[in-house]
Every structure is written in C-alpha cells, then in structure tokens.
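Summary of the model geometry
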Amino acid sequence: MSTIIRCSSLSHYSDCTRRAAAKMFFKEISEEYGFDLTLVNTSAGAAVGTAMHKALEAAIVLRSKGLPYSDEIKKVAETSILETVREGIVWDDTTFDKATGVMQAVRQTHSILDVMPDLQEIAIEGEFTADLGDDFILSGHIDIRGREGELNTIQDFKSGTTARVNIPQYGGYSLLTRTAGYKVDLLREIYAKRVGKTKAQPAPVIKDYEPAMAENFAWAVIKKIKSDMQTFRKTGSPWVWLPNPNSMMCSPHYCPAYGTKFCKCRSLKKGENNG
Ligand code: SF4
C-alpha cells in the first residue's frame, strides 16, 4: 500500500521529527514494527479549527450565491464540536467546554468573512494527490481556490492561540494544484486568533506567500520525510528521527510516542533505558 504524506504534516515535521513520524505513520510503526504508540485525542484548538473550517466552507458557498449564512455557521460549528467531543477531546484553558468552543468557532468564522474579499470562480475542493515516486503519495485538502482579480489564489484558514508559520504546507498545496493543471499566483493564509470567551475577537491576520519559495520549502521537507521513512524501514530504529523534548507539543496529550518504547526522552524512570 502507498505511503501518504499529507501537506498538513509538512510544517510540523521539523518541530519534532519523531512525533511527526509517530502521527503520520502510526499504523505501520505500531503494527509492523511493534512500537506501543498511543492514540491521542483531538486538542480543543484543533476542534475549534475544524469547526471554523467547516462553517467557513458552508458560509462562503452561501455568500457567493447572495444567500444568508449566519444560522448555518452556528449549526455547522455546533455539529462539528459535538462530533469531536463524542470522539474525545483535550480541553485547555482557552476552550474548556463545548459552548465555549462553539462560540469561538462562530466568531472566528465571522471575523474571517469580514476581511475575506469575494472571490471569483470559487472552488471548495476535496483531496488533491500527486505521485512522489517510490510508492509515496502527496495528499492535501485545499480550503478554497478562487480568482481575485487577475490572481489565481489558494486560501487557507488557520486558528489557534498562537500564529504558526505554515509555508511548507502551502507549498505542498501549490505543488498539488499545479500538478492537477491549475495555475497558482498567490498563497494566502487568513489567521483568526483563538482567545478566551471574555476577550474580544481580534481582527484576523492575512499573510501572503509567493508559490515558488513555498514549493521549494515543501520539496525539502517531503524529500526528508521520504528518506527518513525509507531508512527506518531498513533499520527499524526510532533514532532515524531526531526527537525534540523541548517542543511545546512534547506532552502525552499531543504525542503518540510520549513515554512509549518509541520515545522515552521525557519519561525515563529508574532502571529504564531509552532504547
Ligand atoms: S515524547 Fe517529545 S521528544 Fe519524544 S517524540 Fe514525542 S514530542 Fe518528540
């Protein structure tokens, strides 16, 4: 079976390559190599982000047809957060219950719609894929493609308590889109900050990136992921992947490798060794 590399994994790879591998290749590493990785629940931040994405996709379609969309935003956000809560969620200090998550997703969605210009020829796409050779596939879900004046744009929505830099992810989208035969002139991120419910929603931050630079960045990460996985298949050693115990995400809440045989960097007990 082909090995999938998702564009959304590219930007996190260098933060802790071992955690990224445990997440990306969870099934193979645990089932074929016998490492005791643990499933982690969705974080509250990711849950709000997913709800916001779904609400935005619905609202943008309605807005492009001149139809009202406020009620739909609330409905879609509620359904999405409820789904994640049922599957298992890790609350945090900013989003500590369902009602807060829905409220944040709704107001973040409105804040993005307030600054996002109307696009022409909007396409809300499903998955794009491209063959990377050696039985590896690049895959990505692009939020919105659309034309703004003369520019063919890819628009990606982000949320979170802290803005991150996601250039490799967008470079991956650009590669996928161009492989599918479409033109790309501009990569745009619209970021809505996730803030506590007593604070006012800040205005979104828009960042534009040039496709050629982002594609180069994406290629560098893709090549590294491929070669690291190929080396792991030859050696079976987790030390193919450099761990980063100083990562902000080095926690049993966010890392499937935490405290397992795959990575004991943060949890050595007396008498244990780190493999
Ligand atoms: S436990 Fe920490 S260092 Fe080890 S893989 Fe997870 S995030 Fe990286």
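So, here is what we can say about the structure in this document. (Residues numbered from 1 in each chain as written. Predicted model: local features only at pLDDT ≥ 70, side-chain atom pairs only at ≥ 80, totals over all residues.)

This brings us to the environment of P211. Looking at the secondary structure, you find P211 in helix α8 (residues 211–235). Here P211 falls in the buried class, since 22 other C-beta atoms lie within 10 Å of it. C-alpha separation for the pair P211 and V76, spaced 135 residues apart in sequence, amounts to 32 Å. Here P211 is in contact with S174, V184 and L187, once residues within four sequence places are set aside. (Helix = DSSP H or I, 4+ residues; strand = E, 2+ residues; numbered from the N terminus. Buried ≥ 20, exposed ≤ 12 C-beta atoms within 10 Å, placed from the backbone. Contact = placed C-beta atoms within 7 Å.)

Attention now goes to the packing of helix α7 (residues 167–179) against α8. The contact between α7 and α8 brings their axes to 7 Å, and the two run at 100°. When the axes of α7 and α8 are compared, the pair comes out roughly perpendicular. Packed against α7, whose contacting residues are I167, P168, Y170, G171, G172, S174 and L175, the element α8 presents P211, A214, E215, F217, A218 and V221 at the interface. When its residues are assigned to classes, the contact of α7 with α8 shows nine nonpolar, three polar and one charged. (Axes fitted to C-alpha atoms, helices over the stretch in contact; angles between N-to-C directions. Parallel < 35°, antiparallel > 145°, perpendicular 65-115°, else oblique. Nonpolar A, V, L, I, M, F, W, Y, C, P; charged D, E, K, R; others polar.)

Glancing now at the sheet that holds strand β8 (residues 151–160). Strand order in the open sheet formed by five strands is β4-β7-β8-β9-β10, with mixed pairing between adjacent strands. For this open sheet the edge positions go to β4 (120–123) and β10 (205–209), each flanked by a neighbour on one side alone. This sheet shows a mean twist of 25° between the axes of neighbouring strands, independent of strand direction. Direction of pairing for β8 relative to strand β9 (residues 186–193): parallel, over a ladder of eight bridges. The partner of Q155 across the bridge, within β9, is R188. (Pairing = 2+ DSSP bridges.)

Close to the ligand lie 15 residues; C16, P243, C250, C255 and C263 are nearest. Within the shell around the ligand, the residues separate by chemical class into ten nonpolar, two polar and three charged. (Near = placed C-beta within 6 Å.)

With that settled, consider the sheet that holds strand β5 (residues 127–133). With respect to topology, three strands assemble into an open sheet ordered β1-β6-β5, the strand pairing being mixed. Looking along the sheet, the strands with just one partner apiece sit at the ends: β1 (3–6) and β5. Shown here is a sheet whose adjacent strand axes are inclined to one another by a mean of 30°, direction ignored. Across six bridges, the pairing between β5 and strand β6 (residues 136–141) is antiparallel. Bridging from a neighbouring strand, D131 pairs with I137 of β6. Across the sheet, α7 touches β5 and β6, and the angle it forms with β6 is around 100°. Sheet strands in contact with α8 are β1, β5 and β6, and its direction is about 150° off that of β1.

By themselves, these are just geometric observations and shouldn't be taken as functional.
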